[in-house]
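A look at the structure
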Amino acid sequence: MAAIDPNRILATQDLAEQLAELSARYPHGIHHLATAAKLSPATVHALIAGRTVIPRTSTLENFVMACGQDPRPWLAARARLVAARRSDKAMPAPDPDCPPAGPLGRVIGELDERDALLLEVHQAFAATSTTSGAPVPVLPPYLDRAGFDDRLRQAVAAAGQGSRLVMVIGNSSTGKTRACWEAIRAELPDWQIWHPLVPERPMAVVEALRAGRVAPRSVIWLNEAQFYLQAPKVGELVAAELQALLADASQGPVLVLGSMWPEFRRVLTSAPQEASAPDSHRAARALLDRGEEITAPSCFTPGQLTEMVAAVAADPRLAAAAKRAPGGQITQELAGAPELLRRYQQGGPAVRAVLWAAMDARRLGHSLHLPEPLLHEAAPGYLDDHTWDQVADNPDWFITALDELTATHRRLPGPLIEHRPRPGQPAPPAPLYRLADYLEQHARRERISLCPPATFWNAAVRHCRTPADLTALGKSAANRGRYRLATNLYRPAADAGNPDALMYLAYRCEEAGDRAGAEQLARQAADARSAIALMYLAGLREEAGDRAGAEQLARQAADAGHPVALMDLAYRCEEAGDRAGAEQLARQAADAGNPRVLMYLAGLREEAGDRAGAERLYQQAADAESADALIELAYRCAEAGDQAGAERLARQAAAAGSAVALMYLAGLREEAGDRAGAEQLARQAADAGNPRVLMYLAGLREEAGDRAGAERLYRQAAGAGYPDVLMDLAYRRERAGDRAGAEQLAQQAAGAGYPDVLMDLAYRRERAGDRAGAERLYRQAADAESADVLMDLAYRRERAGDRAGAERLYQQATDAGHPDMPMDLAYRCEQAAAERLYRQAADAGDPLALRDLAGLRELAGDAEGASRLRRFGLDAGGEAEDPWE
């Protein structure tokens, strides 16, 4: 065990290690320590993991005093670190207790509409004057959307009662940012707002929070929050720092207000399928799970447009947008989305080639700003020989294309926007461009099944500015089976010390039989505190029979943030019969923020008949604030007849964020005859972002024969801003014989992003013998262009013997972005067709496609070709790559 000596602290890493040692010696666990130090558990985790570079004086003093230490030598060590950081010209870092400037941000009530543009509210297209002849304002009049704006404003206003995160989810140009702007102006005019942008968006957040520069009663404006939370490595730091801020009541109240596209939300909130898989977005998922999500509708309903006819007519931009916008998509029309799409679709060959290069760079992982040389060198590969010969006749073809793409239209930016450094920022070595958001989202659907040409990958190797960009594009190349291209991208990133790149190259060495080279690369990654590298090396130690060495490396991996390192060790101890060791490791994992291992061990003990041991582990998980453990203990209390204990534990679980607990509590109140109390709990759950409790309660009412009460609760859930409830209401209308009402609700649900309800309703009509009604609904579902719906329709056509119709729908599903369509079809085709589909799946980025393609070759007797595919992959054009090293 290392000695505790603050006088030995000469670097920030020394401080983190000494604090971690203090924490390890504390007898009661992290959460007890946090309480004793009057800090949040997240702050304690940040201290001992080294995420807080130099903690504030009060934070350090509270921590070491809770550990029984004299704070004076620790504060002297902190002063040494501050002095060292100040003298380091390469990495200036001010003393967080004495920031160089006051709190960040400006008072919201002092901002005008031009400031809204600086907050990235989309500017509307130009108009000369209103119908009265007066000049038009910067922004068109705002059109409220019932069920969305009122809920958003309630969530924003609630920040005054305590710090919170509110995230608006919606597609590009659906009015998310404008809605947030209107909400803060209406509800928090005397608060400050801060938009983190420099030096880079993610690091701006990290540095400001660590320096204590975000004052109470501040709004942290995270427009396009994926740029902050999905950034490689730094994104998890942003999420961890924001969690610590929201958990620390002494720093609040603050509101973290953001917006995000649905596809980015899915990436950030999806947990790994396998418990042992790396969890790249664990902190981001935890952050988003504790926040309130509000979905922005994609269009105005006909009823809303009717109610707003006077407001629309009074502004020439609104009037023109309402006239031209299909299906009530006024916000998209105002932001110029149709014009952007027209310029893309009707652009000349050079214009489209440059845009394709930009689209592919962004969808495959490049950061926001794209270097001009990358676009210049990549674009020719998108054109066939005949077209290129024509384009190349003009030596200025690229400049001409850029001029066309960056030209504004009626004051709105073009498809590419040149990035301008802020005052004081160094100029980049080459111009940088940003792809318009709407076209980026369009490209993610339209080009999902396409792999870029060789010129794109080669240009990326030469012109990507950061190791993070090289690594992101390298991963995309590897997922597409382009192993040689991936290695070319990973090598310069590895040379710069990027641990992900080093580990990719290590795995390639291992596959080639070079275990020594693989271990050497893994050690370099481990030196950069790569948790995956440490786990890899731990596996090598285990294989060599060095269990003590493996355990030491696994502990280092856990300290470096690997979510399952301690879990893996605990499972191994349990399997080896070392129950005490397993429990000790499980408690450490729980203290590190992962109580699932305690739940898993409790299940194993219960299966083995050790109910008392299981109960003890469930209690430990509950002490670690595991909502699942709390609700499990509540069930046990209820089984034992202790209803009061069950309710107390369920309330704790609800406070820890368990939706199941709120449902359980509401059910207990309902069973006890307290209908008003049950409804109150259900409404609380809906206000906190979980309408399922209202639906559960409605189901109980329906089972009890109270159809009217059930219908009222279902409508409350729908009115709370959760359109999927409309599906249930549609089915109920159908069962009640109200077919017209059912169709109306189904269409509302489809318009809110749930087109599968139309499919289900059509299927019900078909089973009832109403073929004409079913066909009409099927057509409406297909018109929604949902990939899942199109796949379902294709299956139905195939079962009905309409192979041509099925193929057409399968292709539409592919075009709409269904990720599994090529693989799914390949399983049902003969070899030649299957091989073509596996290649298509590889082009779309399915990492399993190449494995299945090699298996197909092997089944056909081509063992050599299968082996070559597995080792060397495909070339840029999708053919088997020549052997390379």
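Residues numbered from 1 in each chain as written. Predicted model: local features only at pLDDT ≥ 70, side-chain atom pairs only at ≥ 80, totals over all residues. Heavy atoms only, no water.

Take the pairing of strand β6 (residues 292-295) next. On β6, burial follows the alternation: E292 and I294 on one face are buried, whereas E293 and T295 on the facing-out side are not. Pairing analysis gives four bridges linking strand β2 (residues 164-169) to β6, with the strands arranged parallel. When the sheet's bridge partners are listed, V166 is paired in β6 with E292. (Buried < 20%, exposed > 50% of the residue type's maximum accessible area, 1.4 Å probe, protein only. Helix = DSSP H or I, 4+ residues; strand = E, 2+ residues; numbered from the N terminus. Pairing = 2+ DSSP bridges.)

Across the sheet, six strands lie side by side as β1-β3-β4-β5-β2-β6; this open sheet has mixed pairing. Either end of the sheet is taken by a strand with one partner, and the two such strands are β1 (106-107) and β6. Across six bridges, the pairing between β2 and strand β5 (residues 254-260) is parallel. When the bridges of β5 are listed, L165 appears paired with V256. Across the sheet, helix α8 (residues 176-187) is in contact with β2, β3 (192-194), β4 (218-222) and β5; its angle to β5 comes to roughly 160°. Each of β2, β5 and β6 is contacted by helix α13 (residues 282-290), which is oriented at about 95° to β2, the strand it contacts most. (Contact = heavy atoms within 4.5 Å. Axes fitted to C-alpha atoms, helices over the stretch in contact; angles between N-to-C directions.)

Once that is clear, we can look at the environment of M759. Here M759 shows up in helix α43 (residues 756-767). Residue class for M759 comes out buried when judged on its relative accessible area of 1%. The sequence separation of M759 and L777 amounts to 18 residues, and the corresponding C-alpha distance is 6.9 Å.

On the surface, a cluster of negative charge is contributed by D384, D385, D389 and D393. Structurally, D389 can be placed in helix α21 (residues 385-391). (Patch = residues over 30% accessible without salt bridge, like charges linked within 9 Å, V, L, I, M, F, W, Y side chains within 5 Å. Areas by Shrake-Rupley, 256 points an atom, 1.4 Å probe, with all protein chains shown as cover. Salt bridge = Lys/Arg side-chain N within 4 Å of Asp/Glu carboxyl O. Lys, Arg positive; Asp, Glu negative; His and termini not counted. Charge placed at Lys NZ, Arg CZ, Asp CG, Glu CD.)

Overall, the prediction assigns the chain a mean pLDDT of 78, with 76% of residues at 70 or greater. Counting contacts from residues 88-100, a segment whose pLDDT is below 50, to residues more than four positions away or on other chains yields 20 contacts. (pLDDT = per-residue confidence, 0-100.)

Generally speaking, a soluble globular protein has its nonpolar side chains buried in company with each other. One finds V354, L375, L416, L439, F456 and W457 to be the most contacted residues of the largest nonpolar core, which totals 96 residues. With ten residues, the single largest contributor to this core is helix α19 (residues 349-363). Core analysis: the second largest hydrophobic core is formed by 32 residues, I169, L242, A283 and L288 among them. (Core = buried A, V, L, I, M, F, W, Y, C linked by side-chain atoms within 4.5 Å.)

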